[in-house]
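These are the residues of each chain, in order.
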2 protein chains.
Amino acid sequence: MSAGAESPEELAGRVCKGDPGAVARALNLVDDRRSERRAEALDLLDALEGRARGRRIGITGAPGAGKSTLLDALATALRARGRTVGILAVDPSSRKTGGALLGDRFRMGSSARDAGVFFRSLAARDQLGGLSEVAGASLDVLAAAFDSVFIETVGVGQSEASIADFVETLVFVAQPAAGDLLQFMKAGILEWPDVFFVNKSDLEGLAARTATELRAGLGLGRSSGGHGKAGEEASDRPPVLCGSARDGVGIDALIDALDAHHATLDRSGEGIRRQQASRIARIEGALARRYGSFGLARLFSARPLADFVAEDPTCSAERLIDRLGARFEADFSPKSGA
Amino acid sequence: MSAGAESPEELAGRVCKGDPGAVARALNLVDDRRSERRAEALDLLDALEGRARGRRIGITGAPGAGKSTLLDALATALRARGRTVGILAVDPSSRKTGGALLGDRFRMGSSARDAGVFFRSLAARDQLGGLSEVAGASLDVLAAAFDSVFIETVGVGQSEASIADFVETLVFVAQPAAGDLLQFMKAGILEWPDVFFVNKSDLEGLAARTATELRAGLGLGRSSGGHGKAGEEASDRPPVLCGSARDGVGIDALIDALDAHHATLDRSGEGIRRQQASRIARIEGALARRYGSFGLARLFSARPLADFVAEDPTCSAERLIDRLGARFEADFSPKSGA
């Protein structure tokens, strides 16, 4: 079982069986900065393409809202239902130290010692956009291995829009009294989430009031059913639940809401549309970070990105990113000396 | 006083006199997307270069922390000290509508009707990084016109790092009980701010506890005096103040802390270093959005950006961005048909 003797295809097979050691090796591989490992990583991701079994769920909210505690409670409750869980936490990087501020040791309580729960934290790496460059590929690995895959990011406002590109379902964790409706609207929070969870319902009355304000805001603030995309479910407003992650209150209701959302996605065909839109947004985001708005305009002036994506339905998103990048760079011929 | 008859130099002269109409025209000009207006905007910014009289102060914090209320109170208190105030608020854009979610009408109370207080809101425009592309140029205009210039952004974590590139002083507005120390650390908040203001001190006891936690965290969580840069003031920890923006409590102490910070910057020479670093970071950020990491590597493989900046000390940051961009694009010759 040495990593060196293992082909990307063999590694993919083990990942799909949910082998934690294989998942860890696969995550290390897709996070490897060395160019000689890149080809191997792309082979792995191609081999995993189309084999995802896990639902991708984003958990976002302000610092202190209780996201980590909620994830711990969700993991425990999902294990009780016999499902395996993969969790990716994106920590803001320190510009000074260049690494994630906090490691895994600060996170996750009871569920962390269960082999059916896999946890990995990623540094956001001081890049534009904040989400780690390898978050997409890491989620591809986890979704091949586990039934429920969560990505947790700290953030309000802009970050919801960016995490929405990586998940099927976005959960916003609100804290009671964190602000009135106007504050939520100002932060641009109402548009993206599919499910709202007002945590800390033990704070008497405040959670219920916050939930009421959120529901009112959802009636005013958005025209579609969530995730920023209109669909046939357009008139449905996303559920706003109350609970306490610390005391395990409302966790089963949250899982039921997630399941219901997935069932709706499957039934309406919105799930497929979302996956395609998400694939395009993820490729576009990666190319924008590497080649900027100028590069995007050059790459897709004649043919839109959607055409390239439709042309190669079986190769991984990361492969497409590399292929399109190589195309752009081949067109770039420095004329000046430097 | 028709805008058409006014040269960029004339407009710059009026901006420097604090003429609100001229400031509004100048802000419209630097925000103009039409290429034929770009040359005029660059002439204006060149004419304003080196004529800044205002201090640039960033105000950041989670939604609901009370940033807008605090700005209103600060503006009122600064006017009472005879200073003029310019405020730039960056609203998260809606991806759906393409505009700022909220206009000026939702913001600012008493101070907004005073001619010595100028307010403008900018849409963040769905770009990587979240901060508006024109925020830097808009601040250049405001800093030429007013004594105290504030930029307000919603955000936690990553956004502090990006706003730090645009200001001399960064204020983080915390709300009591928004989270414990670990939450602040997880969000990466402790590294950047120069001054902390724990708002809503009317919440009995909580504000004081939050301030104590922040002070403890600052002892642990950072090695330098603020703004992410080490200096001779390295052993100084940034002040953590308590107050209530709504009730006007602690506002004078906050202004005194800002003044003290500016005096320290001037005395130590750190202010000049920070301005230079900020200029470089702002140019780099703009070029990264346009040309990506690939473009940056190509542009600065032989000579670092700092050299280009040092070479042209009298031209505006925006002019340098355009000049370096033109250099990159000139090197780009598409070989393939598309």
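A. Representation of the overall build of chain A within the structure. Helices and strands together make up the secondary structure of chain A, namely twelve helices and seven strands. Across the 338 residues that make up chain A, the buried fraction comes to 58%. Pairs at least 24 apart in sequence give 76% of the contacts found in chain A among residues at least 6 apart. Here chain A displays about 13,000 Å² of accessible surface, and carbon together with sulfur accounts for 52% of that area.

B. Main features of the pattern of salt bridges. Residue and element names in this part refer to chain A. Inspection of every chain in the model, using the stated rule, returns 54 salt bridges over all chains. A salt bridge links R282 to D140; the nearest nitrogen and oxygen atoms lie 2.8 Å apart. Here R282, found in helix α10 (residues 270-299), pairs with D140, found in helix α5 (residues 135-145); they are 142 residues apart in sequence, far enough to count as distant. Of the two residues, R282 and D140, both sit in the buried class. As a salt-bridge pair, R274 and D194 come within 3.2 Å of each other at their nearest N and O atoms. Taken together, the positions of R274 in helix α10 and D194 in the loop between α7 (181-186) and β6 (195-198) put the pair 80 residues apart, joining distant regions of the chain. By the burial criterion, R274 is buried, and D194 matches it. Salt bridges linked by common partners bring R38, R56, D140, R282, R290, E318 and D322 together as one network.

C. View of helix α9 (residues 251-268) of chain A. All names here are of chain A. An ideal rise of 1.5 Å per residue puts 26 Å on 18 residues; α9 measures up with 26 Å between its terminal C-alpha atoms. All of the buried residues along α9 are I251, L254, I255, A257, L258, H261, H262, T264, L265 and S268. Directly after α9, the chain includes G269, whose backbone phi takes a positive value near 80°.

D. How the structure looks around the packing of aromatic side chains. Scanning the model with the defined rule gives twelve aromatic pairs over all chains in all. Between the aromatic rings of F294(A) and F328(B), the centroid separation amounts to 5.8 Å while the plane-to-plane angle is 75°, which identifies the pairing as edge-to-face. You can see F294(A) sitting in helix α10 and its partner F328(B) sitting in helix α12 (residues 317-330), one on each of two chains. On the basis of relative accessible area, F294(A) is assigned to the buried category, the value being 11%. An aromatic cluster is defined as three or more aromatic residues linked by ring pairs; in this entry it consists of Y291(A), F328(A) and F294(B). A cation sits over an aromatic face here: R303(A) above F308(A), 4.5 Å from the ring centre.

E. Spotlight on the nonpolar core. Counting 38 residues, the largest nonpolar core has I283(A), L287(A), F300(A), I283(B), L287(B) and F300(B) as the members making the most contacts within it. At the level of secondary structure, the elements contributing two or more residues to this core comprise α10, α11 (305-311) and α12 (317-330) of chain A together with α10 (270-299), α11 (305-311) and α12 of chain B. Excluding residues that lie within four positions of it along the chain, F300(B) makes contacts with L287(B), L305(B), F308(B) and L324(B).

F. Seen up close, the state of the cysteines. Residues and elements named next belong to chain A. Counted under the stated rule, the structure contains zero disulfides over all chains. You can see C315 has no disulfide; the closest cysteine sulfur is in C16, sitting 17 Å from it. What makes C315 buried here is its relative accessible area of 9%.

G. Expanded view of α10(A). The end-to-end C-alpha distance of α10(A) is 28 Å, clearly below the 44 Å that 30 residues give at a rise of 1.5 Å each. Maximal helix bending in α10(A) amounts to about 115°, located at Y291(A).

H. Just the packing of helix α1 (residues 8-16) of chain A against helix α2 (residues 20-30) of chain A, in detail. Residue and element names in this part refer to chain A. Between α1 and α2, the shortest axis-to-axis distance is 8 Å and the interhelical angle comes to 130°. With respect to α2, the axis of α1 lies oblique. As for how α1 packs across α2, the hand of that crossing is left-handed. Across the interface between the two elements, L11, R14 and V15 of α1 pack against A22, V23, R25, A26 and L29 of α2. For the contact of α1 with α2, a count of residues per class yields six nonpolar, no polar and two charged.

I. A look at unusual backbone geometry. One non-glycine residue, K200(A), lies in positive phi territory at about 60°. With respect to the element layout, K200(A) can be found in the loop between β6 and α8 (206-221).

J. Examining the side chain of T169(B) more closely. Residue and element names in this part refer to chain B. With respect to the helices and strands, the residue T169 is situated in strand β5 (residues 169-174). At 2.9 Å, the side chain of T169 and the side chain of H261 are in polar contact. One polar contact links T169 to H262, side chain to side chain, over a distance of 2.9 Å.

K. Layout of the pairing of strand β5 (residues 169-174) of chain A. Residues and elements named next belong to chain A. When you tally the buried positions in β5, you get six out of six residues, the bulk of the element. A two-sided burial pattern is seen for β5, the buried positions comprising T169, V171 and V173 on one face and L170, F172 and A174 on the other. Inspection of the sheet shows strand β1 (residues 55-61) paired to β5 by four bridges, in the parallel sense. For T60, the partnering residue across the bridge sits in β5 and is F172.

L. Expanded view of the confidence of the model for chain A. All names here are of chain A. Summing up the model confidence of chain A, the mean pLDDT is 81 and the portion of residues at 70 or higher is 76%. Per-element confidence in chain A ranges from a low mean pLDDT of 62 for α7 to a high of 97 for α1. In this model, residues 94-107 is a region of pLDDT below 50 whose contacts with residues beyond four sequence positions or in other chains number 38 contacts. Within the model, the stretch residues 228-235 combines pLDDT values under 50 with 17 contacts to residues more than four positions away or in other chains.

M. View of the environment of E270(A). Here E270(A) lies in helix α10. The spacing of E270(A) and E168(A) is 102 residues in sequence and 9.7 Å in space, taken between C-alpha atoms.

N. Broad picture of the environment of L122(B). The residue L122(B) is located in strand β3 (residues 117-123) in this model. In this structure L122(B) comes out as buried when scored by relative accessible area, which is 5%.

O. Broad picture of the side chain of S268(A). Residue and element names in this part refer to chain A. Along the polypeptide, S268 turns up in helix α9. A polar side-chain atom of S268 sits 2.9 Å from the main-chain carbonyl oxygen of T264. Here the side chain of S268 touches E270 through a polar contact of 3.1 Å, landing on its backbone nitrogen.

The rules behind the values
- Residues numbered from 1 in each chain as written.
- Chains lettered and ligands numbered in written order.
- Predicted model: local features only at pLDDT ≥ 70, side-chain atom pairs only at ≥ 80, totals over all residues.
- Heavy atoms only, no water.
- Helix = DSSP H or I, 4+ residues; strand = E, 2+ residues; numbered from the N terminus.
- Buried < 20%, exposed > 50% of the residue type's maximum accessible area, 1.4 Å probe, protein only.
- Contact = heavy atoms within 4.5 Å.
- Areas by Shrake-Rupley, 256 points an atom, 1.4 Å probe, with all protein chains shown as cover.
- Salt bridge = Lys/Arg side-chain N within 4 Å of Asp/Glu carboxyl O.
- Expected span 1.5 Å × (residues − 1).
- Phe/Tyr/Trp six-rings, centres within 6.5 Å; stacked < 30°, edge-to-face > 60°.
- Lys NZ or Arg CZ within 6 Å of the ring centre and 35° of its normal.
- Core = buried A, V, L, I, M, F, W, Y, C linked by side-chain atoms within 4.5 Å.
- Disulfide = S-S within 2.5 Å.
- Bend = angle between axes of the 7 residues up to and from the residue.
- Axes fitted to C-alpha atoms, helices over the stretch in contact; angles between N-to-C directions.
- Parallel < 35°, antiparallel > 145°, perpendicular 65-115°, else oblique.
- Left-handed = near helix turned anticlockwise from the far one by under 90°.
- Nonpolar A, V, L, I, M, F, W, Y, C, P; charged D, E, K, R; others polar.
- Polar contact = N/O pair within 3.5 Å; in protein donor to acceptor, adjacent residues only side chain to side chain.
- Pairing = 2+ DSSP bridges.
- pLDDT = per-residue confidence, 0-100.

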